[in-house]
Amino acid sequence: MGSDEFLFLLAGLKWTVALSAVGFIGGGIAGLAVALARTSEYPLLERVTASYIALFQGTPLLMQLFVVYYGLALIGLKLDAWVAVSIGFTLHASAYLGEIWRGSIEAVPKGQTEAAKALSLNYVSRMKDVILPQAIRISLPATIGFLVQLIKGTSLAAIVGFTELTRAGNIISNQIFAPLLVFGIVGVLYFIMCWPLSLYGARLERQFAAASR
Amino acid sequence: MTGQSSPAATAAAMISMVGVEKWYGDFKALTDIDLSVRTGEKIVLCGPSGSGKSTLIRCINHLEAYQKGEIRVDGILLGDSARTIDAIRREVGMVFQQFNLFPHMTVLENCMLAPMRSLRASKAEAEATARKLLARVKILEQADKYPAQLSGGQQQRVAIARALCMQPKVMLFDEPTSALDPEMVKEVLDTMIGLAEEGMTMICVTHEMGFARQVADRVIFMASGAIVEEAPPAEFFTRPRHERTRAFLGEILRTH
């Protein structure tokens, strides 16, 4: 395998990182909205978002990507692969992050909300100043764990023709007929992205365990 | 003592509750509560656990909703609208059994948040007020620490200062010393006594009968969600009229 092939893999890696970032940031923003709706104490809003979460947690990610990519094409909305997978991953991440953060918001002791209410803080301030800073801390290990899953999950985008790291590997492997070498390198590249995040997540979890003792 | 609360006294009341009832589902937590508290008056609310005393004071600042009756604070009728709830919460400070300080903020930040957000105080104003009140509860030197670095008694004094930073007209205390180690109870009670001497209108849910004797204008005894008896402390402790009050006092004075 020459340097041209390796650079092609790195170009694929770049799109894996980009897709992970878009999915995580887009999903983070939408996921915060989902989490706030889930904890809003408005029954209708809670039910709608609970169904949304159940839908995305109860179906395979690959099927979600197919629906966005082929399904929207069927109704005449022909999306570029990049746009389609970005939408797919954003929706997927918003449901999972929404559920993780709902749990974290609910894990903040009730007395915190009561104290904030008694001090006449409004909803925005209660969330922004009091609850979310504590919920984010609680959620960090699980959030990082999900990010790792998301990065690895982006490999499914290869199936709808988006040239990220896995598909780049596939292309190179077909050219030089060295699948073990190529996918070995691809695997190492994924590992280099995910392993430090996993370590970081585990360290945060230990810190919180120690702090709450 | 029902003869004391004439209509004139009710009109000048800082807090008035008329016919307040509250249910949790089928369970009636508060039954026909009539209570009028004059400006500057100190009330101690006692009773066995589950008697509704915490629920009663939590209705005053709408941490609990009530289904029937009327509550007014400083003339403002507590309705369901966010505006009246907010208006009342700005006038009513509350201190909790579990302190409920914000753990991710320093002591000073805990005290500055609500005045800045809710009263639109500038940062400098909020900090000046916070420092003044932290000094008053004798804890100014801990201003830059986080709550977890303080003892329970210190945390509760910070919680009192935090509530006072909103310049409330009424302070509600919900078993403020129940979660404290015995050696820390006094520092919190002393702070509350200081506050009482300065004329703050206070309702204290507490089993500290020494505090009640020293500070209270009236002691109110609740059982099963209703007010059973109310009297000035001298009378309440020496000549309780109801059997349930006598039983409760017998129990509490033996263990305290």
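The notes below deal with the structure included here. (Residues numbered from 1 in each chain as written. Chains lettered and ligands numbered in written order. Predicted model: local features only at pLDDT ≥ 70, side-chain atom pairs only at ≥ 80, totals over all residues. Heavy atoms only, no water.)

**Examining the nonpolar core**
- Residues Met17, Leu56 and Ile203 of chain B are the most contacted members of the largest nonpolar core, which totals 81 residues.
- Here the element with the most residues in this core is helix 6 (residues 123-153) of chain A; it accounts for 10 residues.
- Discounting chain neighbours no more than four positions away, the residues touching Met17 of chain B are Ile33, Asp34, Leu35, Leu56, Ile60, Glu70 and Ile71 of chain B.
- Core analysis: the second largest hydrophobic core is formed by 53 residues, Ala126, Leu133, Leu150 and Met192 of chain B among them. (Core = buried A, V, L, I, M, F, W, Y, C linked by side-chain atoms within 4.5 Å. Buried < 20%, exposed > 50% of the residue type's maximum accessible area, 1.4 Å probe, protein only. Helix = DSSP H or I, 4+ residues; strand = E, 2+ residues; numbered from the N terminus. Contact = heavy atoms within 4.5 Å.)

**Digging into the sheet that holds strand 4 (residues 68-73) of chain B**
Residue and element names in this part refer to chain B.
- Taken in spatial order, the four strands make up an open sheet running 2-1-4-5, and their pairing is antiparallel. Looking at the sheet topology across the chains shown, the edges are occupied by strand 2 (27-38) and strand 5 (76-77).
- Summarising the sheet, strand 1 (residues 13-24) and strand 4 pair through five bridges and their orientation is antiparallel. Residue Val18 lies in a different strand from strand 4, and its bridge partner there is Glu70. (Pairing = 2+ DSSP bridges.)

**Some details on the sheet that holds strand 3 (residues 42-46) of chain B**
Residues and elements named next belong to chain B.
- Sheet architecture is open: six strands sit in the order 6-7-8-3-9-10, paired in mixed fashion. This sheet does not close on itself; its edge strands, each paired only once, are strand 6 (92-95) and strand 10 (226-231). Strand-to-strand twist of the sheet, defined as the mean angle between neighbouring strand axes without regard to direction, takes the value 20°.
- Direction of pairing for strand 6 relative to strand 7 (residues 170-174): parallel, over a ladder of four bridges. (Axes fitted to C-alpha atoms, helices over the stretch in contact; angles between N-to-C directions.)

**Describing helix 2 (residues 53-60) of chain B**
Residue and element names in this part refer to chain B.
- Within helix 2, eight of the eight residues are buried, leaving the element largely enclosed by the surrounding structure.
- Within the span of helix 2, buried status applies to Lys53, Ser54, Thr55, Leu56, Ile57, Arg58, Cys59 and Ile60.
- Looking at the residues trailing helix 2, positive phi occurs at His62, about 60°.

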